[in-house]
Amino acid sequence: MNSNTLYLFFIFSILVILNNVFHFLSQSTASDSDASYVLACGASTDAEDTNGRTWKSDSQFLLNSGDSMTLSAPVQDPSLPSIIPYMTARIFTSTSTYKILVAKGRRCWLRLHFYPTSYGNLDPSKSYFDVIANGFTLLHNFSASITAQALTQVYFMKEFALRPTRSGDLNITFKRTLEHIKDAYAFVNGIEVISMPDIFVPAPLVGYSDQFVEVDSSSFQTIARLNVGGQLIPPTNDSGPARTWYDDSSYIFGAAFGVTFKADESVKIQYPGNSSKEIAPLDVYNTARSMGPHGNININYNLTWIFQIDANFTYLVRFHFCELEFESVNQRVFQIFVNNQTAEENADVIAWAKSRGVPVSKDYAVYARDEPGDEELWVALHPSLSTKPQFYDAILNGLEIFKMNDTRGNLAGPNPVPSPMPTQADDAVEEYRPSRSKRAAHLIGGIIGGFVGCSVVARLFICFTKEKRKGYRSTSSVGYRLPSYGRSHTSTSSSTMSSGKSTASSHLSSVAAGLCRHFSLLEIKHGTKNFSESQVIGVGGFGKVYEGLIDGKTKVAIKRSNPSSDQGCEEFLTEIEMLSRLRHKHLVSLIGFCEEDGEMILVYDYMANGTLREHLYRSNKPALSWKQRLAICIGAARGLHYLHTGAWYTIIHRDVKTTNILLDEKWVAKVSDFGLSKMGSNPNQTHVSTIVKGSFGYLDPEYFRRQQLTEKSDVYSFGVVLFEVLCARPALDPSFPMEQVSLVDWALHCQRKGTLEDIIDPNLKGQLNPLCLRKFTETAEKCVAEDGLDRPSMGAVLRNLEFALQLEKTSEQPEPVSYNSADDTYAMYTVMLGIDENSVVSLENNAPHKSNAFSPMVNPGPR
Ligand SMILES: *[C@@H]1O[C@H](CO)[C@@H](O)[C@H](O)[C@H]1NC(C)=O
Ligand SMILES: *[C@@H]1O[C@H](CO)[C@@H](O)[C@H](O)[C@H]1NC(C)=O
Ligand SMILES: *[C@@H]1O[C@H](CO)[C@@H](O)[C@H](O)[C@H]1NC(C)=O
């Protein structure tokens, strides 16, 4: 061996050693600091999901991979947010264990993702299994398919926070519950493991003085995680273990929503020295809900949230507070109740945090006994009077509920019971008061509903429409309740749609295809006199709209896509998906579609009176009366309110304008054109909607700036519609002088100068009751507020418009009406809270003068 080779050998050895050292170092850092694993189970290679997160193949973590199979899902449900990790599954036919190295002495967050479907023709209804992690039973006799049905989601996630281990080993075992049953199996689609410094501390047990629950030795399951008074926070914006924080409004009891607000610019929110950012992101503290500005009303109600839980477990309730308005002690002091017991007699956020803008969190534990009614956990806030604070009010910024393991180390509860069948609630009064069961389902849906929870809409409406066909009417009060449809048969018939040449057609779900009628091109040609120009009733970005006849007698509107339009394809599919599942008195119904020879055609109910716009201006049609206009606005608001809240997840229309509000032969307003709709509450949305769509003149300036879509963007556009209805001129009219081109800018300008009357449609002169007009313009003005948070919800808009109509009707009575502005808000408040007005009045020394004009609203009839 000459010196050269020796030298090379030496270098080589050094490299090998270095490499090993490096390897060792990187492994040991992985186990000592915060390790995280994101595994796509059954996947053969690493791949990215739609959020750009990489999911690794799970096989190297499986101890005995010989006993499991990897299978792909036969059908990709359109509501799945991403192919990864849902389209592949690891199927276990005998007990199998994952072994993962995590950080020693750290709490470990574990998320299990499930998409129950017929993998390799296995029957999902035969899959009952247990999941055990480090000795804790996380799931027992668990059926993913029943759980998905109860949630009305096709996929979902379960989150656990496991007790820290000394060894740094995490063993997750999947085991069939009944080993002897043939074809039974366990499965999982995705596993996330994140280890982190512990964020749990011993919590006082409510109802027992000086008793604390021990948290170090316990594991937890997440039941709810809410950004109170704010919007959804996606995992990518979390400051801890990639959590999703949901909007709280659907958990609130009754109609007493209080008010929500955001920190104003002068408030700088900062973690206090001893607290870590892992507890919650600043975005949670930045928004809050309080009871409202009227102390005399606040003392008469509890601001209450309700959660569905399993009995016989202890729950940890974590309140996140941050005072955003007041600076001193004893300004806002309140009581905290958990399950009817007092958790805190005098909660004063400033006293705890020492200063405004400083987050503080408080934990309380409560044991849920197995008594009737204890499947629910109630959290309530009420002003505390004993310290005589300056304001009778309460505040909350965030709320989390965790289930603690029982003494045997068990966390598993029974499978949920899918709710009874839905009916469609058209009734206005009922729409404001979601049933308990709706809320309950919402809750589970909200939290374990997957880190990208948007699937529900789809599922929901399927059952909806199915039920309609069967003529089923539920006796249960309200709500858009859930399905017990068999998933297996919805996923088999995808071939019906694959006739077309467009590649996109394969994305149309079998469900949508099965829900509405499939027309042949021949039928369509026949019905439209071969697309005769004489039949054209409208032209849009999508193509032409024809009046047509089907089955020789039914008048329909036929929308034919412009074959050259590329973009149309996606919107075509969106529209079928959406509309075939949405049924509401104030939404245009889709009858069917035709996809043949590259044609994309949609068939709708015929709307005899055309668009709202053609009755407002630039047409020779007679002008609509003010009451007609109000009724149309109320109808459209109801349709939009339904889109925003009637489904489990918000559907955002994105293109609200007067040409998308159609009128049938009885002048009933129907919202149309869902081609641009997006499902909200979806963390993806901020990424997806980077292309601003919609129509100029109606676009939410905030959406334009931040490219973030919320239902408040629809509220803005609807505000523009309200001004258009009032002034009978287009949203943008370049023929006007510069300052008048934009209707909204001009109307707001006139409103400020008190000259709004001058730009009102001359046809309305003499018809307008000033109170009604005021309510109407006030509402329109709030809708177009710069900041989305300052805009009312569609529900509030609806209530205000109904109130305006009420004022209009009252004014027709001969008696003179005395008006007092305090009465107005006062009456509204009472109505919204469902409080008996007399009890409020008696509590206030200078009770507002009660005007007869409002009595119909104070007692709005049956609830
Ligand atoms: C709760 O525990 C009691 C007493 O052990 C038992 O009878 C009851 O069935 C349990 N309830 C549930 C929902 O597990
Ligand atoms: C608020 O809730 C507490 C505890 O459940 C109850 O005792 C109290 O009566 C409630 N107050 C009102 C005004 O409903
Ligand atoms: C959770 O399980 C562990 C281990 O079995 C036990 O030590 C602990 O006390 C349990 N926690 C509760 C709240 O019962």
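All values derive from a computational prediction rather than experimental measurement.

### So, the overall build of the protein
- Counting its secondary structure elements, the protein contains 23 helices and 37 strands.
- Counted over contacts in the protein with a minimum sequence separation of 6, partners at least 24 positions apart contribute 76%.
- Counting every atom, the protein has about 35,800 Å² of accessible surface; 53% of that belongs to carbon and sulfur.

### Some remarks on the sheet that holds strand β26 (residues 395-396)
- Pairing in this open sheet of three strands is antiparallel, and the strands run β18-β19-β26 from one edge to the other. The open sheet has two edge strands, β18 (259-262) and β26, and neither has a second partner.
- As judged from the two bridges shared by strand β19 (residues 287-290) and β26, these two strands associate in the antiparallel manner. When the bridges of β26 are listed, R289 appears paired with L396.

### Observations concerning the side chain of T304
- Mapped onto the fold, T304 is located in strand β20 (residues 303-308).
- Exposure remark for T304: the relative accessible area of 4% places this residue in the buried category.
- With residues up to four places along the chain from it excluded, the contact list for T304 reads Y251, I252, F253, W378, V379 and A380.

### Considering the pattern of salt bridges
- Per the counting criterion, the structure on display carries 33 salt bridges.
- The closest approach of N and O atoms between R332 and E325, which form a salt bridge, is 2.9 Å.
- With relative accessibility at 2%, the residue R332 sits in the buried group.
- In this structure, a network of salt bridges that share partners links the residues R53, R111, E159, E192, R225 and E400.

### Regarding helix α18 (residues 743-753)
- Among all positions in α18, only L743, V744, W746, A747, L748 and C750 are buried.
- Buried-residue contacts for α18 involve α17 (711-727) and α19 (770-783).
- Of the residues flanking the end of α18, it is G754, one or two places downstream, whose phi is positive at about 75°.

### With respect to the site of ligand 3
- Around ligand 3, the neighbouring residues are F136, R163, S217, S218, M404, N405, D406, T407 and G409.
- Between S218 and ligand 3, the recorded distance is 2.9 Å, taken from a side-chain N or O atom to a nitrogen atom.
- N405 places a side-chain nitrogen or oxygen 2.3 Å from an oxygen atom of ligand 3.
- Within the complex, the protein chains bury 67% of what would otherwise be the 360 Å² of accessible surface of ligand 3.
- By residue class, the composition of the shell around ligand 3 is two nonpolar, five polar and two charged.

### Remarks on the environment of R289
- Note on placement: R289 falls in strand β19.
- Judged by relative accessible area, which is 5%, R289 ranks as buried.
- For the pair formed by R289 and K262, sequence separation is 27 residues and the distance between their alpha carbons is 8.9 Å.

### Some details on the packing of α17 against α19
- With their axes 7 Å apart at the nearest point, α17 and α19 run at an angle of 145° to one another. Between α17 and α19 lies a crossing whose hand is left-handed. Facing V715, Y716, G719, L722, F723 and L726 of α17, the residues of α19 in contact are L773, F776, T777, T779, A780, E781 and C783.
- Broken down by class, the residue content of the contact of α17 with α19 amounts to nine nonpolar, three polar and one charged.

### Observations concerning the side chain of Q331
- For Q331, the location among the structural elements is in the loop between β21 (313-321) and β22 (334-338).
- At 2.9 Å, the side chain of Q331 and the backbone nitrogen of S328 are in polar contact.
- Excluding residues that lie within four positions of it along the chain, Q331 makes contacts with F326, P389, Q390 and F391.

### With respect to the sheet that holds strand β11 (residues 169-176)
- Across the sheet, which stays open at both edges, the four strands sit in the order β6-β11-β8-β9 with antiparallel pairing between neighbours. Edge positions in the sheet fall to β6 (96-101) and β9 (136-142), since each has one partner strand and no second. Sheet twist, expressed as the mean angle between neighbouring strand axes with direction ignored, is 10°.

### What about the packing of aromatic side chains?
- According to the stated counting rule, one finds 29 aromatic pairs in the structure shown.
- Through pairs of rings, three or more aromatic residues link up here, namely F92, Y98, F114, Y119, F129, F142, F156, F174, Y185 and F187.
- Over the ring of W245 we find R225; its NZ or CZ atom is 5.7 Å from the centre of that ring.
- Against the face of F313 rests K403, its NZ or CZ located 4.3 Å from the ring centre.

### Brief notes about the nonpolar core
- Core analysis: the biggest nonpolar cluster contains 71 residues, and W305, F307, F319 and L377 have the highest contact counts within it.
- When sequence neighbours within four positions are dropped, the list of residues in contact with F319 reads I336, V338, V360, S361, K362, Y364, V379, L381, L396, G398 and L399.
- Residues C633, W746, L801 and L805 belong to the second largest nonpolar core, which totals 59 residues.

### As for the confidence of the model for the protein
- Looking at the protein as a whole, its pLDDT mean stands at 76, while 72% of the residues score no less than 70.
- Within the protein, β26 carries the highest mean pLDDT (98), whereas helix α10 (residues 487-490) carries the lowest (24).
- Across residues 420-507 the pLDDT falls below 50, and counting only partners more than four positions away or on other chains, this stretch makes 242 contacts in the model.

### Observations concerning the pairing of strand β1 (residues 36-40)
- Summarising burial for β1: four of the five residues are buried, a large majority.
- Sheet topology places β1 next to strand β13 (residues 190-196); five bridges connect them, and they run antiparallel. When the sheet's bridge partners are listed, V38 is paired in β13 with E192.
- In terms of strand pairing, β1 meets strand β3 (residues 54-57) through two bridges, oriented parallel. Note that in β3 the partner of L39 across the bridge is K56.

### Quick word on unusual backbone geometry
- Residue P85 follows I84 across a cis peptide bond; omega there is 0°.
- With respect to the helices, strands and loops of the structure, P85 is situated in helix α2 (residues 83-86).
- Positive phi, normally seen in glycine, also occurs at A242, with a value near 50°.
- Locating A242 in the fold gives a position in the loop between β16 (220-227) and β17 (246-247).
- Judged by its relative accessible area of 19%, A242 falls in the buried class.
- Even without glycine at this site, F531 takes up a positive phi of about 55°.
- The topology assignment puts F531 in the loop between α12 (521-527) and β29 (536-539).
- The class of F531 is buried, set by a relative accessible area of 8%.

Each value, and the rule that gives it
Residues numbered from 1 in each chain as written. Chains lettered and ligands numbered in written order. Predicted model: local features only at pLDDT ≥ 70, side-chain atom pairs only at ≥ 80, totals over all residues. Heavy atoms only, no water. Helix = DSSP H or I, 4+ residues; strand = E, 2+ residues; numbered from the N terminus. Contact = heavy atoms within 4.5 Å. Areas by Shrake-Rupley, 256 points an atom, 1.4 Å probe, with all protein chains shown as cover. Pairing = 2+ DSSP bridges. Buried < 20%, exposed > 50% of the residue type's maximum accessible area, 1.4 Å probe, protein only. Salt bridge = Lys/Arg side-chain N within 4 Å of Asp/Glu carboxyl O. Near = heavy atom within 4 Å. Polar contact = N/O pair within 3.5 Å; in protein donor to acceptor, adjacent residues only side chain to side chain. Nonpolar A, V, L, I, M, F, W, Y, C, P; charged D, E, K, R; others polar. Axes fitted to C-alpha atoms, helices over the stretch in contact; angles between N-to-C directions. Left-handed = near helix turned anticlockwise from the far one by under 90°. Phe/Tyr/Trp six-rings, centres within 6.5 Å; stacked < 30°, edge-to-face > 60°. Lys NZ or Arg CZ within 6 Å of the ring centre and 35° of its normal. Core = buried A, V, L, I, M, F, W, Y, C linked by side-chain atoms within 4.5 Å. pLDDT = per-residue confidence, 0-100.

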